[in-house]
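Summary of the model geometry
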Amino acid sequence: GPLSVRGFALNSLGPKDRNDSIGGDASIEASARLSFPITPSTSEFARLHLFANMGILSDVKYEEGLKSNIQRWINKEPNVSVGAGIQVKIT
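The following refers to the structure shown. The residue numbers shown here count from 1 along each chain, following its written sequence. Under the rules for a predicted model, residues below a pLDDT of 70 receive no local features and side-chain atom pairs below 80 are neither given nor counted, while totals for whole chains, interfaces and linings still include all residues. The side-chain figures draw on all heavy atoms in the structure; neither hydrogens nor water molecules are used.

1. With respect to the pairing of strand E4 (residues 46–58)
What makes two strands pair is DSSP finding at least two bridges between them. Starting at the N terminus, helices and strands are each numbered in turn, a helix being any DSSP run of H or I of at least four residues and a strand any DSSP run of E of at least two. Where strand E3 (residues 26–37) lies against E4, twelve bridges are found, and the strand directions are antiparallel. For Ala32, the partnering residue across the bridge sits in E4 and is Ala52. In terms of strand pairing, E4 meets strand E5 (residues 79–88) through ten bridges, oriented antiparallel. Residue pairing across strands places Phe51 opposite Gly83, the latter belonging to E5.

This is the structure we're talking about:
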């Protein structure tokens, strides 16, 4: 979805026309998350959460063929974000 690559403003990824994001036809996304108790006594209601996300949003040039499009996507630098937070159980 539009917010699946954390750490980036809405409509800031992908191809641009000057300063305007024009979206893309294809996206590749990957993420890794790790969550664990801060202390044994807080394990029921608070946990530390670490994450890393990466994604590429690109246009598809249909006249170039699949292999050429994939090579172009691989050569692009992905948008990457890493961070940490605290998960709190609210009931």
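2. With respect to the sheet that holds E3
To summarise the sheet geometry, strands pair through backbone hydrogen bonds and adopt either a parallel or an antiparallel arrangement. Strand order in the open sheet made by the three strands is E3-E4-E5, with antiparallel pairing throughout. This sheet does not close on itself; its edge strands, each paired only once, are E3 and E5. The sheet shows a mean angle of 15° between the axes of neighbouring strands, taken without regard to direction. With axes taken as lines fitted to C-alpha atoms, and helix axes fitted only over the stretch in contact, angles between N-to-C directions fall between 0 and 180 degrees.

3. As for the pattern of salt bridges
Here, a salt bridge means any side-chain nitrogen of Lys or Arg that lies within 4 Å of a carboxyl oxygen of Asp or Glu. Tallying each qualifying case throughout the model produces three salt bridges. Between Lys61 and Asp59 there is a salt bridge, and its shortest N-O distance comes to 3.8 Å. Classification of Asp59 as partly exposed rests on a relative accessible area of 25%. Salt-bridge contacts for Asp59 lead to Arg72; the nearest nitrogen and oxygen are separated by 3.2 Å. One end of the pair, Asp59, is in the loop between E4 and helix H1 (66–75); the other, Arg72, is in helix H1, and 13 residues separate them in sequence. A relative accessible area of 22% places Arg72 in the partly exposed class. Each of the salt bridges in this network shares a partner with another, and the network as a whole consists of Asp59, Lys61, Glu64 and Arg72. A simple rule labels every residue: compare its accessible area, found with a 1.4 Å probe on the protein chains alone, to the largest value its type can have, and call it buried under 20%, exposed over 50%, or partly exposed in between.

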